[in-house]
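Read off the chains here:
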Amino acid sequence: MCSSDLIGGGPGLMLPLEAVNTMQVYAGGAPAAFGLASGGITAVQTRAGADRFRMSLDSAFPRLLYTDTGIGGVAYWDPNLGLGGPLLRGRVTVAESASVRYDRNAYTTLAGDDHNLFKALLSWTQVDATLNDAQRLRVSMSADPRRTDHAGITAFTPSAAAPRLDQGGWSGAVSHTIAAGHAFIEWRASVFHSEANVSRNGSRPYVVSHQLASGAFFDARNRAATRSGAGARVTWAPRASHQVTAGVDADHARSEEHTSELQSLAYLVCRLLLEKK
């Protein structure tokens, strides 16, 4: 499944740590199975369930925030949970991974010390089924909502003038493999949806002065993108030293954006004109 973000151009799907089994990075010259990739590729093999139940938990203890007066709360917390086991022994297994992230980022602005909060919940569920001796079925689902309460803080933009940023999305995929003699046949389908929403933090006019920005951020944007795809691949080994692979992929991508900045821009222009006078 291709999970590149159509909105920001970077990685779109955020996986919990416990969901990753192996990872391989291709800086250039990626195999043909990855299609017409023009840059680097990170290929991730997710962890499947097994006939024995397993559970893992790490990073369970948070890093505390220390201030001049003592402990001021939690500075960083990133617990990771992994579960796996049989649903139907010998036939169907499930693997579930989840990660919660809480990150308090400190900044220094012209108005003084400041901070924002980043919160995220990453979830991955995978079900593997053995239909018979020659056929395997895999279904996976994921979700990764993320929120920054004050995004884009700088020395001249304190948290009171920074907007809220909500990101993340969800995905679903299914694959079916068949072993037939010397041939191996695989077909797959997937859908990946991502969003990025910028929200104003009030209705006050946004003021840009020579020192500090103040008021509610002037822009509100809602961006969404959906990528769906399907493909098939056949691998044939006529001899022990020869292997032939052929496949086809089809993808469809759609993105949209909604903005509500006109009224806010009017406030901004009027305030700038008044200050100029």
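Residues numbered from 1 in each chain as written. Predicted model: local features only at pLDDT ≥ 70, side-chain atom pairs only at ≥ 80, totals over all residues. Heavy atoms only, no water.

A. Quick peek at unusual backbone geometry. One non-glycine residue, Ser59, adopts positive backbone phi at about 55°. Locating Ser59 in the fold gives a position in the loop between β3 (54-58) and β4 (63-67). In this structure Ser59 comes out as partly exposed when scored by relative accessible area, which is 42%. (Helix = DSSP H or I, 4+ residues; strand = E, 2+ residues; numbered from the N terminus. Buried < 20%, exposed > 50% of the residue type's maximum accessible area, 1.4 Å probe, protein only.)

B. Molecular detail of the layout of surface pockets. A volume near 270 Å³ is recorded for the second largest pocket. As for the second largest pocket, its lining consists of 16 residues, of which Met14, Arg101, Phe118, Ala120 and Leu122 are closest to the centre. Elements supplying a minimum of two residues to the lining of the second largest pocket: β7 (92-109), β8 (112-130) and β11 (164-180). Considered class by class, the residues forming the lining of the second largest pocket number ten nonpolar, three polar and three charged. (1 Å grid on protein atoms, 1.4 Å probe; cavity = no way out; pocket = protein on both sides within 12 Å on 5 of 7 lines; lining within 4 Å. Points joined across faces, edges and corners; volume = space filled by probe spheres on them. Nonpolar A, V, L, I, M, F, W, Y, C, P; charged D, E, K, R; others polar.)

C. Geometry of the packing of aromatic side chains. Per the stated rule, a full pass over the model turns up one aromatic pair. With 5.6 Å between their ring centres and 75° between their planes, Tyr206 and Phe217 make a pair best called edge-to-face. Residue Tyr206 is found in the loop between β12 (183-199) and β13 (207-208), and its partner Phe217 is found in the loop between β14 (213-214) and β15 (221-239); the two are separated by eleven residues along the sequence. Given the relative accessible area of 19%, Phe217 is considered buried. (Phe/Tyr/Trp six-rings, centres within 6.5 Å; stacked < 30°, edge-to-face > 60°.)

D. Seen up close, the pattern of salt bridges. Taken as a whole, this structure holds ten salt bridges when the rule is applied. Among the salt bridges present, the one from Arg254 reaches Glu256, with a minimum N-O distance of 3.9 Å. The structure contains a network of salt bridges with shared partners spanning Arg147, Arg164 and Asp166. (Salt bridge = Lys/Arg side-chain N within 4 Å of Asp/Glu carboxyl O.)

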